[in-house]
Every structure is written in C-alpha cells, then in structure tokens.
Number of protein chains: 2
Amino acid sequence: MTKLFDGIEEKDKETLFKCFNAVKKSFFKDEIILEPEQKIDSVIYVSNGCIKIIKDDFDGNKIIIDTIKKGETFAEAVVCSGIKKCPNFVYAQTDATLYFINIEKILNPCTEACLFHKKLLQNLVKSISEKNLFLNQRIELLTKKSLRERILIYLDKYKQKNNNKIFEIPHSREEMAQYLGVNRSALSRELCIMKAQKLIDFHKNSFSILTN
Amino acid sequence: MTKLFDGIEEKDKETLFKCFNAVKKSFFKDEIILEPEQKIDSVIYVSNGCIKIIKDDFDGNKIIIDTIKKGETFAEAVVCSGIKKCPNFVYAQTDATLYFINIEKILNPCTEACLFHKKLLQNLVKSISEKNLFLNQRIELLTKKSLRERILIYLDKYKQKNNNKIFEIPHSREEMAQYLGVNRSALSRELCIMKAQKLIDFHKNSFSILTN
DNA sequence: ATAAATCTGTTGCACAAGCAACGAAAGAAA
DNA sequence: TTTCTTTCGTTGCTTGTGCAACAGATTTAT
C-alpha cells in the first residue's frame, strides 16, 4: 500500500509540515483521539506510536477496523469526501504523537514554492485508490455464500502475496473470522474439515493450499 | 456522488480534453469496451450513451457491478492505484461515445496554463473518497449475520436519502438481494414476514419503516 | 515454576437462509 | 385483446453456520 509520504524524505517532511501548518499533538496509551461524529478536517499522520480504529456496533460489539502504525496516515477518505465526520472511535494503542494536516492545505497549491506538493497529491490519490480496490476485494469475498469459498479466496490472497507454497497469514483466527464475516468456531470447524479432506494444510498461522 | 467534471462547464471540457489529448472512441450497443486483464491507463468519460460493468464469476454467474451513465467517468481507482489492469468486463449498454483520458495527464500539471486542472484533481480525490465510504458502508452491511439486519440497514440508507416516511428504492428485488448478498426468495420471504409483523410496509419499490 | 489469561479446536443443537419449483401479477409486445 | 416475458411472492425441504459451552494448547504475568 502506498503511504502518503512515500518518496518524501524525513527532513522534507518537516518542511512540508511547516508549510501545511500541521498541528502536533501527543496522546497517552488508551487515550481517545477521536469519537464518532466528531468533526474532522485533517489527515492524520502517526509520527510515533500506534493507534487503532474501532467500530462500535449498536449491539455493543467492538470491532477493530484498522491499526495505523508509525509513518502511516489515516482519515484521508473521510476528509476528502467532504463528510468530515469521524465514523469510528480512534484510540491510542500506545503513547503516540500525531500531526493533524488540514486537507485544504494539501488540496490547494501552496503559495510558497513547495517542491513535494505534487508528489503528495499523487500519493493521496494513489493510496485512496488502493484502499478502494482492497475494499472491493473484500466485498467480493463477503458476497460468497459458502464459508469454504471465502476461506479459499482469503488464503489465495495471502498465497499470492507471499508467493510461496507455504505462507503466513497476519490474523488470529478471531480476526480472520471477522474479516470473513463468519463465526469463529464455524471457521475453525471448516478449516479442520478442509485439512482432513487434504484441501489445505496449516499449523498456527502457516498455511498451504494443496491443489493437485 | 461527486463526478470528475463537476463544476466544469461543457465548453471548458472541450478545452480540457484537448489539453489532455483525450482519445474519443465510439461503440455500438453490446460491444465489448474492455475485457478482464486488459491494460488500462486512462480514466474513461462517458460522453454519450450508457455502459455497464460486469463481473464474471468463476461459476459463470454474471453480476452487474455498476452502470455508468452519460456525463460520468469510471476506472479512476484502477488506474490511479497503479494496478492498471481492468478487473471486469465493460460493455456498451447502448451506443456510446467515450473519451479516454490518460491518467498521467491528469496527475501532472499541464504545461499550458490550464485553469481547471486543480478543480479536476480535487474532484478526482473527492469522488474516489466518496466511493471509498460507500464501499465501507456496504462492507458493514455485509458483515451483519442476519438478513433482517441487512434489510434494515439498507432501508435506513434510502430513508435518509429520500428524507421522507415513504421512500423509493432504486433496485429490483433481484438487485436488492445481490446488494445484500442474499438469496432473492429468502429476501422476499423476510420482507413479507417483516411486513406481517408491522415492522415495515411496502408496495413495489415504495417502502416505509414503521418504528414506534 | 505456577497461575492466569488468551487463543484455538470440538461438539450438539437450533434455525436462518439457500435452493428449486411453481404460480400470480405486472409489464411489454404483438 | 391475447400472448409472451419478467418480476415477485410462496412454500417444502435441506443444510450450512451461528451460538454456547467446554477442553486443550499456548502465551503472558506473577
């Protein structure tokens, strides 16, 4: 995935942040950064630490939407779409330092000659587009009716990514179930059936697909 | 939804197309415009007619992904993401005239003084972002386990859009089922049960939610 | 090392929803 | 009008998967 500041060096970031009048804020572990419905008009850059985005279901279920790590940004789509209301809770997973960069500053040419502005805009477009494709893939998966189909699509994705017979998945079973939109124990059951039928093999998070 | 040329007048479009060296092509009804895996590096503007994007399932199921009408563009996300391979079939639903606009031309500042370039870039970012949010909403819906929940989320969406007790939905039952990721007859069954339980009411495509 | 907590697999049960097949209603065509 | 086509509702049957509850395994904390 392309990041907003890809291809821009650390020292140049400083220049950009100044040019953008970016606001620096620090948060302690578990502190709330944003709440649902809160107004937001900035892309947020994680300079240090790690934050998590959590969806609070009506039913009280808390689902981790995403984890944003050092050097990454988030909220691009929300602020660029003009909605400008935070759809989820955002917590600090660790102590964290963030930069809030007003989106208007990014979208409008800077008065000073700002060399990296063009690159930044292109990164913005590219990263949102990539996210878009990712979401499309997930929708395709979620519209499959059988759990087995979903599992196979999921595994195939990580097989291609690792490009190896044996590959690692980055999720726990619970997370995987969440991604596939199914019940954890049902997932566990189906995985074991597939293993018994010699369709796949796995040990912990190492998987392989046994096609003939 | 924001369109790529929102806020840009017809006569100015001409200027832009020239500035971009856009390629004009015409297609007859049912002609194939793009095939899966085909290389693509242009955003496509539908100047006349109407085209449809169709996903060809391994199983042979054909699913209409989207319909693009006169004045709209498509393929933004694919070409901006750098994938640059068409993921689906694209057909002409009617006779159609299209403009192919190379994405590099859009992303890079024009040598000539092109007044609308900035606006165009901002539209691009906004429209992809909006699409992004739309996809997120759909994912949220698709991860609901019960059909009833999905129906209610779906209806609520169109209720808010129409902002009226009685509102229209833009899908046939088959399309609605496809959007919800469920079986059509199961959808029909559940809708009627909900009507019997006085949770909702509907006649053809007019719906209302009977909350107390 | 021991205890506590978390993660993963296992199983029985219930039921929501898939599927197929058909008929009624509505709309289009002749 | 009549006929054909498409859409929608209806129903019986079947099954995949949700859910709950527990057990074993693994990891983390004390």
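Coordinates for the structure precede this section.
Every value quoted in this text rests on a predicted model; they were computed, and no experiment measured them.

### A few points about the packing of helix H5 (residues 147–162) of chain A against helix H6 (residues 173–180) of chain A
Residue and element names in this part refer to chain A. Relative to each other, H5 and H6 sit at 110°, their axes nearing to 10 Å. Comparing the axis directions of H5 and H6 gives the class roughly perpendicular. Crossing angle aside, the handedness with which H5 passes H6 is right-handed. Packed against H5, whose contacting residues are Leu147, Arg150, Ile151, Tyr154 and Lys157, the element H6 presents Met176, Tyr179 and Leu180 at the interface. Its residues assigned to classes, the contact of H5 with H6 comprises six nonpolar, no polar and two charged.

### Section: the interface of chain A and chain B
The interface of chain A with chain B comprises 36 residues on the first partner and 35 residues on the second. Overall, the association of chain A and chain B removes approximately 3,100 Å² of surface from exposure, summing both partners, and the carbon and sulfur fraction of that is 65%. Between Glu140 of chain A and Lys55 of chain B there is a salt bridge, and its shortest N-O distance comes to 3.3 Å. The tally of links from chain A across to chain B stands at nine residue pairs in polar contact (both at pLDDT 80 or more). Of all the secondary structure elements, the ones that give two or more residues to the side of chain A that touches chain B are helix H2 (76–81) and helix H4 (117–142) of chain A. If one sorts the elements of the side of chain A that touches chain B by residue count, H4 of chain A sits on top with 18 residues. Each residue belonging to the side of chain A that touches chain B can be placed in one class, and the counts come to 15 nonpolar, nine polar and 12 charged.

### Some thoughts on the sheet that holds strand S11 (residues 206–209) of chain A
Residue and element names in this part refer to chain A. Pairing in this open sheet of three strands is antiparallel, and the strands run S9-S11-S10 from one edge to the other. Every other strand in the sheet has two partners, leaving strand S9 (166–168) and strand S10 (200–203) as the edge strands with one partner each. Strand-to-strand twist in this sheet, taken as the mean axis angle between neighbours without regard to direction, amounts to 25°. Sheet topology note: the S9/S11 ladder contains three bridges and is antiparallel. The partner of Glu168 across the bridge, within S11, is Ser206. Strand contacts of H5: S9, S10 and S11, with the helix running at about 100° to S9, the strand carrying the most contacts.

### Brief notes about the protein's contact with DNA strand D
Near DNA strand D there are 19 residues, and of these Leu147, Asn183 and Arg189 of chain A together with Arg173 and Cys192 of chain B occur at the shortest range. Counting only the atoms of DNA strand D within 4 Å of the protein, the fraction contributed by sugar and phosphate is 51%. In this structure, Arg189 of chain A approaches DNA strand D through a side-chain N or O atom, which is 2.8 Å from a base oxygen. The separation between a phosphate oxygen of DNA strand D and a polar side-chain atom of Lys204 of chain A is 3.3 Å. When residues of the surface near DNA strand D are traced back to their parent elements, those giving at least two are helix H7 (184–196) of chain A together with helix H6 (173–180) and helix H7 (184–196) of chain B.

### Focus on the sheet that holds strand S11 (residues 206–209) of chain B
Residues and elements named next belong to chain B. Read across the open sheet, the three strands follow the order S9-S11-S10; overall the sheet is antiparallel. Because the sheet does not close on itself, it has two edges, and the strands there are strand S9 (166–168) and strand S10 (200–203). Strand-to-strand twist across the sheet, computed as the mean angle between neighbouring axes with direction ignored, equals 25°. Across four bridges, S10 lies against S11 in antiparallel orientation.

### Re the packing of H6 of chain A against H7 of chain A
Residues and elements named next belong to chain A. Following both chains from N to C, one finds H6 and H7 inclined at 100°, their axes separated by 9 Å at the closest point. The orientation of H6 relative to H7 falls into the category roughly perpendicular. For the pair formed by H6 and H7, the contact residues are Arg173, Glu174, Met176, Ala177 and Leu180 on the first element and Arg184, Leu187 and Leu191 on the second. Broken down by class, the residue content of the contact of H6 with H7 amounts to five nonpolar, no polar and three charged.

How each quantity is defined
- Residues numbered from 1 in each chain as written.
- Chains lettered and ligands numbered in written order.
- Predicted model: local features only at pLDDT ≥ 70, side-chain atom pairs only at ≥ 80, totals over all residues.
- Heavy atoms only, no water.
- Axes fitted to C-alpha atoms, helices over the stretch in contact; angles between N-to-C directions.
- Helix = DSSP H or I, 4+ residues; strand = E, 2+ residues; numbered from the N terminus.
- Parallel < 35°, antiparallel > 145°, perpendicular 65-115°, else oblique.
- Left-handed = near helix turned anticlockwise from the far one by under 90°.
- Contact = heavy atoms within 4.5 Å.
- Nonpolar A, V, L, I, M, F, W, Y, C, P; charged D, E, K, R; others polar.
- Buried area = accessible area lost by both parts, 1.4 Å probe.
- Salt bridge = Lys/Arg side-chain N within 4 Å of Asp/Glu carboxyl O.
- Polar contact = N/O pair within 3.5 Å; in protein donor to acceptor, adjacent residues only side chain to side chain.
- Pairing = 2+ DSSP bridges.
- Near = heavy atom within 4 Å.

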